[in-house]
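Residue-level listing of the chains:
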Amino acid sequence: MSTGPLSKELFNAAKNLMPGGVNSPVRSFASVGGEPFFVEKAKGAILTDADGNDYIDYVMSYGPLILGHAHEDVLRKVQTTMARGLTFGAPNGLEIELAKLICDRVPSVEMVRFVSSGTEATMSAIRLARGATNRSKIVKFHGNYHGHGDSFLVQAGSGVAQHGIAGSPGVPEDIVSNTISLAFNDIEQLKQVLAANSKQIAAIIVEPVCGNMGVVLPKEGYLQTMRELCDQHDIVLIFDEVMTGFRVSRGGAQEYFGVTPDLTCMGKIIGGGMPVGAYGGNEKLMKQVAPVGPVYQAGTLSGNPVCMAAGIKTLKLLKDREVYQTLEYRTKFLRDEMVNIAQHHDVPLTVNHIGSMMTPFFTDRSINNFEDVKATNQGRYQKYFHYMLDEGVFIPPSPFEAWFLSIAHTEELLKQTVQAHEAAIKKL
Ligand SMILES: *Cc1c(COP(=O)(O)O)cnc(C)c1O
């Protein structure tokens, strides 16, 4: 039992010091109503709040924690590394170790540059694509989220979607005018737009599996055709695998679907809970980056040894494909049980899933793009969220986010989750 201030007092104090009391909008519960709890600590799949409540966690810090919270081996590696200094501003061997782990596993990545967040990775990848092609426009997809860089805040997913704003004030019109946002999974629309603008488009950036409007899978052949179109028009294909990298399979979505992008953005799992991002690709493109090439990009804390250490240990523990099979099997179990229970109680529910990511949508229709997601029963999700919280299960405080399983989500915990789901569904 915690002896410090309660969540309510902490939230009141926080609201006076930080906008909305949070440092990232989704955390505020703005789209489900109510007030957020404050976290005291977490271990494995369990989060404990400042009021002493335990929750089975499916937010998992929005993706990095595939090994669960506070994994002993990761903590130990971080501790021994930090004792040697927190940052150097000079190269260290751990950067090579993590770079090698990434290049060995991600099919398209021959060289990599580390940054400190997913946002930085996507911003830098776009700059590189523009620098390499000498073109300005980029194509993205409605409901995809690529961090909070100016160019991406057009029809974006995640927190941007929850707050019901098309983009964001503060983003200049001339920047947004270089961004073309299209419907995900609509290959005809993409073909037409590329044909009309082909000489101006530097890059297509896509979440190969969408996670930031909830989980939405690419239709059969969609990514392959996108690859072919990029080759045809000399456009740089960027897979934003910040969420899917080392998550949907050992080599990410590109391995899962057998499609090779030119550049890949990474983050989340590669930092094992510490702030790390990266972008990588073939040697020719990556050698356009400074200091070898002219495209400038830098970072005081890039390649930070403590962050590298957490990433290295995490990726090493994800070496065997068996881990991914277990995660996928458990996710499918949870999905099947949730769908069966909903059917039994006449609640329309569609659950999309892949690997250890899933999202339940309150609808009886299949979900293939952002329009489909927006047409689901969001009010029902809000209620469901609070009923689940009452039952001791923390799911994303928004219908536009993915749930994540970790290796710490045991079958016993999944069964408890299924019971919570049944109780919540009955109350809807
Ligand atoms: C989380 C995420 C980002 C942004 O990463 P940050 O570390 O939050 O800046 C970018 N792209 C995708 C696909 C993400 O899921």
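Residues numbered from 1 in each chain as written. Predicted model: local features only at pLDDT ≥ 70, side-chain atom pairs only at ≥ 80, totals over all residues. Heavy atoms only, no water.

A. Up close: the packing of helix α2 (residues 72–82) against helix α11 (residues 305–317). The contact between α2 and α11 brings their axes to 9 Å, and the two run at 150°. Between α2 and α11, the angle is such that the two are roughly antiparallel. Where α2 crosses over α11, the two elements pack in a sense that is right-handed. In this structure, α2 uses Asp-73, Val-74, Lys-77, Val-78, Thr-81 and Met-82 to contact α11, whose residues at the interface are Pro-305, Val-306, Ala-309, Ala-310, Ile-312, Lys-313, Thr-314 and Leu-317. Taken together, the residues of the contact of α2 with α11 sort by class into nine nonpolar, two polar and three charged. (Axes fitted to C-alpha atoms, helices over the stretch in contact; angles between N-to-C directions. Helix = DSSP H or I, 4+ residues; strand = E, 2+ residues; numbered from the N terminus. Parallel < 35°, antiparallel > 145°, perpendicular 65-115°, else oblique. Left-handed = near helix turned anticlockwise from the far one by under 90°. Contact = heavy atoms within 4.5 Å. Nonpolar A, V, L, I, M, F, W, Y, C, P; charged D, E, K, R; others polar.)

B. Expanded view of the environment of Val-306. Tracing the backbone through its elements, the reader meets Val-306 in helix α11. Separated by 26 residues in sequence, Val-306 and Gly-280 place their C-alpha atoms 21 Å apart. Here Val-306 is in contact with Val-78, Thr-81, Met-82, Gly-85, Leu-86 and Met-274, once residues within four sequence places are set aside.

C. The packing of aromatic side chains, seen in detail. All chains considered together, the criterion is met by 15 aromatic pairs. With centroids separated by 4.7 Å and ring planes inclined at 15°, the aromatic side chains of Phe-37 and Tyr-55 adopt a geometry described as stacked. In this pair, Phe-37 sits in the loop between α1 (7–17) and β1 (39–43) while Tyr-55 sits in strand β3 (residues 54–57), placing the two residues 18 residues apart along the sequence. In this structure Phe-37 comes out as buried when scored by relative accessible area, which is 13%. Seen from their ring centres, Phe-370 and Phe-400 are 6.1 Å apart, and the 65° between their planes marks the pair as edge-to-face. Here the residue Phe-370 occupies a position in helix α13 (residues 370–374), and Phe-400 occupies one in the loop between β13 (393–394) and β14 (403–404), the gap between them amounting to 30 residues. (Phe/Tyr/Trp six-rings, centres within 6.5 Å; stacked < 30°, edge-to-face > 60°. Buried < 20%, exposed > 50% of the residue type's maximum accessible area, 1.4 Å probe, protein only.)

Any link to function would need more than the numbers given here.
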